Each structure stands twice: as C-alpha cells, then as structure tokens.
Number of protein chains: 2
Amino acid sequence: MSLIIIGSVAFDAIETPFGKTDKIVGGAATYASLAASYFYKNTKIVGVVGDDFPKEAIDTFTEHGINTEGLQIKAGEKSFFWSGKYHNDMNSRDTLVTELNVLENFDPIIPDSYQDCEYLMLGNLTPIVQQTVINRLKNRPKLIVMDTMNFWMDIMMDDLLKTIKMVDVLAINDAEARQLSGEYSLVKAAKKILAMGPKYLIIKKGEHGALLFNEDQIFSAPALPLAEVFDPTGAGDTFAGGFIGYLAKVGTINFNNMKNAIIYGSALASFCVEKFGNERLLNLTDKEVADRINQFVNLSAFTIEA
Amino acid sequence: MSLIIIGSVAFDAIETPFGKTDKIVGGAATYASLAASYFYKNTKIVGVVGDDFPKEAIDTFTEHGINTEGLQIKAGEKSFFWSGKYHNDMNSRDTLVTELNVLENFDPIIPDSYQDCEYLMLGNLTPIVQQTVINRLKNRPKLIVMDTMNFWMDIMMDDLLKTIKMVDVLAINDAEARQLSGEYSLVKAAKKILAMGPKYLIIKKGEHGALLFNEDQIFSAPALPLAEVFDPTGAGDTFAGGFIGYLAKVGTINFNNMKNAIIYGSALASFCVEKFGNERLLNLTDKEVADRINQFVNLSAFTIEA
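Residues numbered from 1 in each chain as written. Chains lettered and ligands numbered in written order. Predicted model: local features only at pLDDT ≥ 70, side-chain atom pairs only at ≥ 80, totals over all residues. Heavy atoms only, no water.

**Student:** Even after reading the chapter, I still don't get helix α6 (residues 174–181) of chain A, so can you show me in this structure?
**Tutor:** All names here are of chain A. By the criterion of burial, α6 is predominantly enclosed, with six of the eight residues buried. Regarding α6, the residues found buried are D174, E176, A177, R178, L180 and S181. Of the surrounding elements, those touching the buried residues of α6 are α4 (150–155), α5 (157–165), β11 (169–173), α7 (186–194) and β12 (200–204). Where α6 terminates, the next one or two residues include G182, which has phi positive at roughly 75°. (Buried < 20%, exposed > 50% of the residue type's maximum accessible area, 1.4 Å probe, protein only. Helix = DSSP H or I, 4+ residues; strand = E, 2+ residues; numbered from the N terminus. Contact = heavy atoms within 4.5 Å.)

Right, dumping it as structure tokens:
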C-alpha cells in the first residue's frame, strides 16, 4: 500500500523582503512529498521534469524514502519554472515568470508498481491531468485529496467540477472557496462545495489557520503566530503533504483523525516558511516535530467546566 | 465590589445587505454592559446621553441589573449618533454620519457608590476621558481592560500611550495592533505593545477569532463560522463586555481564566451579530449561552496522543 503524490516538480526563483534566491528546487509535489515523508514511509511521486533537473534533487527524494519511478525526465526539455516576488505583508505576491516547459503536455504515467495506491494527493495541476491519474489507477484509492486554484475556475470550470466530484477531500484557500461557490460566507460556501461531491472540505486561511467541514461538523485549526515568515512558498503544499501523510500513517479516515492531520499539516507548514524554499523540510528531527505539535496544542487548548 | 463600564451610550442607524434601521439604541457601553450582565450581577455604567434618549432604554439596563447612576442625562442636548453602511463582505463599512453631541464635552463623573470598582472596562473614547476615569477612582481596580481605535492613534498618540501604560489588558483589532506597533507580524506587534505597559494584549481578528498574548504565552481563540452575519455593529464591545464580565464572575486573574473569558466574550459576540443592534443580547437564556459555549469547545478541540 502506498501514498501517491502528483504535482509539479520544478524550479522557483523567489524574492521576499528578506532576500532573493536563484533557481531553487520547488513544486507542489516536492513540498508535499517531503512533508508526507515525515509520517509515512511509502510515498511515491508522479510528475515530470526536464533534463536540466539536478540529480542531487532526485537523490534528496530517495534519501527521504520517496519513490521517484513516476517522475518522468524529458530529454532535451526544461523543467517548469516559476518566479515570484512577495510584498511586504507576505500575503500577496506578483508572479514575475511562469514557464510551463515540460508541464505543457504532461501525460501522467502511472508505473505498475504504483497500482498499490491507497492514498492519493492531487497537487494543483490542470483538472484533466488530475482526473487522468484517478482513471489510470485500477483500484479507486481509499482517500483522494485534491488541491486546485482560481486559475482553473476561470478557464475550465466544467472539467474542474468533474474532478472535484471524484475526490474525498478538497483543500483550497478562502478566496478560492468563495470563487468556487459564489458565496462570501465560508459556511455557505462549504455547504455548496460539499454538495459538489467531496465528503470533506478544507479551507486554508494562511496566518488565520484552517477550517475543516463535513456534513455536520466544523473544526477550526489555529495557525502558529510567527514572528517572521521568511518565505511562504510551498506552505500550502507542505500542509497538504503533512495532512495526507499523517492520515496514511494512522490508516483510519474519520473526523477526529482529519482534525489531527490538519494540525500535523499546519505544523510542517510552520517549519516550511522559516527558510527559503524547502530547506527547512530537509532535516527535521522527530523532536522538532513533536515540540511544534505541542506548541499547537498549547496554543488552542482551553478548559471550560460545563 | 463592582464592574464599571465606561463608553458611549448612543443612537445608531445601520444599513447592511440585509436591511436598514432607523435610529436604534447602541454605543459601546450599551453592548458591553448587556453582555457583562449575563455573567456578573453588579455592573455599572458611566456615560452620557441627551434628553432625547428613551426612558425605556434606561429601563432595559435596569432590568438587566445594570446600575445607571453614572449615566448622565443632559437636558436640552442630544445623544451621540452614528450612522453607517456595511459593504457586502460585512468586514468593511462606511461611516455616513457622526454627531458627537453630548460626547463632545463629556466629563465622566464617578458616583460615590461606584468607588467599590474592582473591574474596569474602558470602552473606546478619547484617551483623556479614559485616563480621567482611572484617576477618579480612589482605589486602583484589580483589573483594567481598555479598548481604543485607530482614530486616537492618528491624532493623540502621546495621550493614548499614557493611558495604555495604566491598564492591564488592551483589546484592539489586528489593523490597530499593526498601526500602534509599526509591525506587520502580530507576534512582533504584541511584543512591542506589551512593552508599552499592559500585561495582556488581545488582538481581535473578527471572523478569524482572537489572539491573547502575555509575556510568554499565546492563546488562539476561534470564531464561530457563521452562515449569516446580519449586523456586526457592537460585536467588539459585546466581546469585551462578555470578557470582563466573565473575569469579574470568576474573580481570579490568570492566563487560563483569560482564555475562557475570551471564549465567553466570543460566544456573546456571535449572538450579537445575528440580529440588528443589541436585539439578540436582550433575552438570552442560560441554555442558549451554554449551548453556544459547547459549540466553541467542539469547534476547536482535538486530541493528539504524544
């Protein structure tokens, strides 16, 4: 049994008020699989890079126990490249460059050895590619988690809705939930989105935490208040990877485990933003993770005697 | 021993996407004292109205056990009047009319019977008037909670800082915390503001809940996700009144009780926004309050085994 993560594996060049990077390794599947690897040992990537992608970066996956058999390397082509500059508030950013390169005609090939997939994380890609992955798995995974973005709502809503109907958990941010539902109230938005198919909806609110909705329950998870957000790139993907990695580890899907998975995902995301790119996700210790989880527990616990 | 609440007692005319009111009774001290009255039975108002203020509104205070001896009634003058229109997102509003009237030369007179003050809530007024109240109390209250707004930061920062230095708890919103400290990060903002004097800082984040800071601890309180916010007017004052009313009831000031006080304040604020003005605060039952508190408990509780 395995956890498959599909998404971009790419180069980013990032500018924040704290500094600037050259091309560094990024991409949704990179962040998500590194995050998941802290909880679940059988994580596999589906993605595509060009032959400009460094072998050391692939070695990094392997060192974290991440299977890269499904990571296609296209000879003579270039990896996806994104460059962006964050504003002073770190909540908004300008995209400076987007070069799709190998992602433009990405055909997600599922190796036979991936057919044991029990948990599937669909990172943000075209809804068509996300659907193709589900269709190419011989057995429907026990849990499918999907990320997406406003861009697909703008240009291919029908395909997006078809894909959303096929998944168990949709994880999007508050602006995306409002756009997808046409409702400003997140409670009303959640109701409409759950009627589109998913059993669970996660609304990510950045520095304000996250909300988890299912039919009749809501969970509000805090975000750790941070003195410095050094680089927010990849925080959402790290969250998603930690979330599904934790669920793959515990193996039982219910609301309580989902709540904890959100806390684990949030904890890993809080590490991610402490340094540029995925640097902070490369060498976390069990103790660091446990201490961070404790901070989340202390942050939101209160005891009211009825 | 008593809880004194000083603030505006006023008329509001409110327009929201759901409807429109004529002049209705509002004001910070109105909302805060009604909220506090659900937890603490010896609440006293300091404020001023004109002789246009209806006797029935004063009777409403009395019926909730709120002492109005400190509410001056100025013959031949008019009560403070505010009129505003909320935008569709309910998070922003335009002020249409502000008539200071009796508030313009408000001299807060403290009746002798108020000198038993143990808990003091300074609603948003000029920092000079807030200071005057503290100075006119013969014994320094056990707990002073202060609200303020960006307007005073713009035009009388020195006086504001003097008043802030005299209080135990400052309760402001996130934009105000950023303006007061000059820091975007709320963690850094809190550090600077706590260095200004208060032992505790509450940062209110509206639909995103609230943060409580003291020297070395942070508490993140959720807000109840609501399908409809009918009218947000008075929610912050209701929060503050519920907060200090709960602390006055339990009588011991520590971080744990402050956390619970924030939950109780948030619960009352979540009622406040369900109807126009203070209507929803007039007849809450103990069961309604207890059920709402349970919703907050369920909303944010999770159990992670270490």
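**Student:** Is there a simple way to think about the sheet that holds strand β5 (residues 43–50) of chain B in this case?
**Tutor:** In sheet architecture, strand pairing relies on hydrogen bonds along the backbone and comes in two forms, parallel and antiparallel. Residue and element names in this part refer to chain B. Strand order in this open sheet of nine strands is β6-β5-β1-β9-β10-β11-β12-β13-β14, and the pairing throughout is mixed. A strand with exactly one partner marks an edge of an open sheet, and here the two such strands are β6 (66–74) and β14 (218–221). Shown here is a sheet whose adjacent strand axes are inclined to one another by a mean of 15°, direction ignored. Pairing of strand β1 (residues 2–6) with strand β9 (residues 117–122), which is carried by five bridges, proceeds in the parallel orientation. Across the sheet, I4 pairs through a bridge with L120, a residue of β9. This element, helix α3 (residues 127–136), spans β1, β9 and β10 (143–147) of the sheet and lies at about 175° to β9. (Pairing = 2+ DSSP bridges. Axes fitted to C-alpha atoms, helices over the stretch in contact; angles between N-to-C directions.)

**Student:** Would you mind showing me how to read the pattern of salt bridges here?
**Tutor:** Side chains that differ in sign of charge can pair as their charged atoms come close. Under the definition given, this model contains 33 salt bridges over all chains. Two residues, K142 of chain B and E118 of chain B, come together in a salt bridge whose shortest N-O distance is 3.7 Å. Separated by 24 residues along the polypeptide, K142 of chain B in the loop between α3 and β10 and E118 of chain B in strand β9 bring together distant segments of the chain. With a relative accessible area of 39%, K142 of chain B lands in the partly exposed category. When salt bridges that share partners are traced, they join E274, R280, E288 and R292 of chain A into one network. (Salt bridge = Lys/Arg side-chain N within 4 Å of Asp/Glu carboxyl O.)

**Student:** Quick question: what am I supposed to make of the relation of the copies chain B and chain A here?
**Tutor:** The two copies are related by a screw motion: chain B maps onto chain A through a turn of 180° and a shift of 0.0 Å along the axis, at an RMSD of 0.0 Å. The operation mapping one copy onto its partner corresponds to a two-fold rotation axis. For chain B, the minimum C-alpha distance to the rotation axis belongs to H208 of chain B and amounts to 3.0 Å. The residues that chain B uses at the interface reappear at the interface of chain A in 100% of cases, marking a shared surface. (Least-squares fit on C-alpha atoms with pLDDT ≥ 70 in both.)

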